[in-house]
Amino acid sequence: MATAEQIMSLIRSHTRDDREHFYTVALQIASTEARKGHQAFANDIRKAFKTVERETKSKQVLIPDDMQDVLALRTPDRFRNQLVLAEANQKRVERIMHEYVQQEVLRQHGLSNRRKILLAGPPGTGKTMTANVLANTLHLPMVAVHLDMILSRYMGESSAKLHQVFEFIAKNRALYLFDEFDTLGGERGGNDIGEMRRVLNTLLLCIEQDKSESILVAATNKPNMLDRAIFRRFDDCIEFSLPDRNGISQLIRNSLSTFLTEDISIDSIAKNYENISCADVVSACHDAVKIALLEGKAQVTQLILEQSFAERSAAIKLQE
Ligand SMILES: Nc1ncnc2c1ncn2[C@@H]1O[C@H](COP(=O)(O)OP(=O)(O)OP(=O)(O)O)[C@@H](O)[C@H]1O
Ligand SMILES: [Mg+2]
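Residues numbered from 1 in each chain as written. Chains lettered and ligands numbered in written order. Predicted model: local features only at pLDDT ≥ 70, side-chain atom pairs only at ≥ 80, totals over all residues.

Notes on the site of ligand 1
So the rule is basically this: Whether a residue is near a molecule or strand depends on its C-beta atom, placed from the backbone, lying within 6 Å of it. Secondary structure counts use DSSP, requiring at least four H or I residues in a row for a helix and at least two E residues in a row for a strand, with both numbered from the N terminus. Each residue is assigned to one of three groups, with Ala, Val, Leu, Ile, Met, Phe, Trp, Tyr, Cys and Pro labelled nonpolar, Asp, Glu, Lys and Arg labelled charged, and all others, Gly among them, labelled polar. By convention here, the domain bounds are inherited from an automatic or database domain assignment.
The local shell around ligand 1 holds 17 residues, among which Pro123, Gly126, Met129, Cys278 and Ala279 are the closest. If you list the elements that add at least two residues to the shell around ligand 1, you get helix 6 (127-137) and helix 13 (278-294). Residue composition of the shell around ligand 1, grouped by class: 10 nonpolar, 6 polar and 1 charged. Each of domain 2 (58-239) and domain 3 (244-313) accounts for three or more of the residues forming the shell around ligand 1.

If you want it as structure tokens, here you go:
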């Protein structure tokens, strides 16, 4: 069963009308119950939320058969309070949301909300997650655009396919995520450079001419590979970086949630791992929770957490 702390968290988020926190705690309870072997109960909790999600979001956009390979529906299921960003970036993300909500006021003065956004930075720093949070907070369906498919499967017809994508964007209000945006920006062995250049020009033109109500988010972890002309097409370019000590502490607090005790010195861990990505911090914490659970502990210990971080850090060094 849910712990007293989890039940109190549910009640507190309900009284504060904090839907995001309510959802996070409920899913946490589902995970805890699943790990204890109470699958049916965990599935009931998840199903209750999935029904609401399906009804409010995914139904709003229907991807036609001939676009299934280039457009894919994603579920916006991440919340603002889970996203840990540098303060300046936090403000810029808030501003995108604020302008979107107030777009009518801006339009009356001939202005448009910032809605063409480029997110650049190292892997695992929250670019895709930011797109997900934006869609979720603004109650927009989220659609991933597979640029790599457009380029490989539609060789010779890529520009026509891109036009078709932007016609779809104009007719279907959603958040469109162009992940790995650098696919088109640089020279890659084996590909037809001339074709790539033409497609890139078409894409820039389509972005520039897009007057839809959709939000376009392009993400890349290789901003150096991008053509300079690309940056001008966006209303905002946000640079992501690895988390600082505060960011790491915040990520640990969020990820351990009810598995955290006062005995744990988060700071002593945060200061030892300043070159770690957000994704690795979250994974190390999840590893620690799993170890604690399987050892029958209700909370993570300092030793377990330190070991999980040491293992994660060794794995990162192997990749370097
Ligand atoms: N800033 C962040 N705040 C909270 N969690 C984060 C953050 N960045 C990453 N994470 C965690 O790591 C996971 C992976 O992050 P995400 O996919 O957003 O990284 P990315 O920047 O898009 O990386 P890539 O460049 O490889 O696509 C997220 O689902 C989340 O659990
Ligand atoms: Mg990503």
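We are not done yet, so read on.
Structural notes on the packing of helix 13 against helix 14 (residues 302-319)
In a pair of packed helices, the angle between the axes and the distance between the axes together describe the arrangement. Cut-off, in case you're wondering: The angle between two axes is taken between their N-to-C directions and runs from 0 to 180 degrees, where each axis is a line fitted to C-alpha atoms and a helix contributes only its stretch in contact. The labels follow the angle: roughly parallel below 35 degrees, roughly antiparallel above 145, roughly perpendicular from 65 to 115, and oblique for the rest. Should the near helix be turned anticlockwise from the far one by less than a right angle, the crossing is termed left-handed; should it be turned clockwise, right-handed. Our contact criterion uses C-beta atoms placed from the backbone: two residues qualify when those atoms are within 7 Å.
It is the contact of helix 13 with helix 14, at a shortest axis distance of 8 Å, that shows an interaxial angle of 135 degrees. Between helix 13 and helix 14, the angle is such that the two are oblique. Read as a crossing pair, helix 13 and helix 14 show a hand that is right-handed. Counting all contacts with helix 13, which are made through Asp280, Ser283, Ala284, Asp287, Ala288, Ile291 and Ala292, the residues of helix 14 involved are Ile304, Leu305, Ser308, Phe309, Glu311, Arg312 and Ile316. Across the contact of helix 13 with helix 14, the residue classes break down as 8 nonpolar, 2 polar and 4 charged.

Some thoughts on the environment of Ser112
In plain terms, the rule: Exposure classes come from backbone-placed C-beta atoms, where a residue is buried if 20 or more other C-beta atoms lie within 10 Å of its own, exposed if 12 or fewer do, and partly exposed in between.
With respect to the element layout, Ser112 can be found in the loop between helix 5 (103-107) and strand 2 (116-120). What makes Ser112 partly exposed here is the crowd of 13 C-beta atoms within 10 Å. C-alpha of Ser112 to C-alpha of Tyr100: the two residues are 12 residues apart in sequence and 8.8 Å apart in space. If sequence neighbours within four positions are ignored, Ser112 has contacts with Leu106 and Arg107.

Comments concerning the sheet that holds strand 6 (residues 236-239)
Worth spelling out the cut-off: A pair of strands is considered paired only if DSSP assigns at least 2 bridges between the two.
Spatial strand order, 1-3-4-5-2-6: 6 strands in an open sheet with mixed pairing. If you trace the sheet from one side to the other, it starts and ends with strand 1 (71-74) and strand 6, each paired once. Taken over all neighbouring pairs, the strand axes of this sheet differ in orientation by 25 degrees on average, direction set aside. Sheet analysis places strand 2 next to strand 5 (residues 215-220), joined by 5 bridges and oriented parallel. Bridging across to strand 5, Ala120 finds its partner in Thr220.

Quick word on helix 11 (residues 245-256)
Using the following cut-off: Each helix should span, by expectation, one fewer than its residue count multiplied by 1.5 Å. Think of it as the arc spanned by the lines of direction from the helix axis to the C-beta atoms.
Here helix 11 spans 17 Å end to end across 12 residues, near enough to the 16 Å set by a 1.5 Å rise per residue. Among the residues of helix 11, those classed as buried are Gly247, Ile248, Leu251, Ile252, Ser255 and Leu256. Axial view of helix 11: buried residues confined to an arc of 150 degrees, hence all on one face. Tucked inside the fold, the buried residues of helix 11 contact helix 12 (266-270) and helix 13. Of the residues flanking the end of helix 11, it is Ser257, one or two places downstream, whose phi is positive at about 45 degrees.

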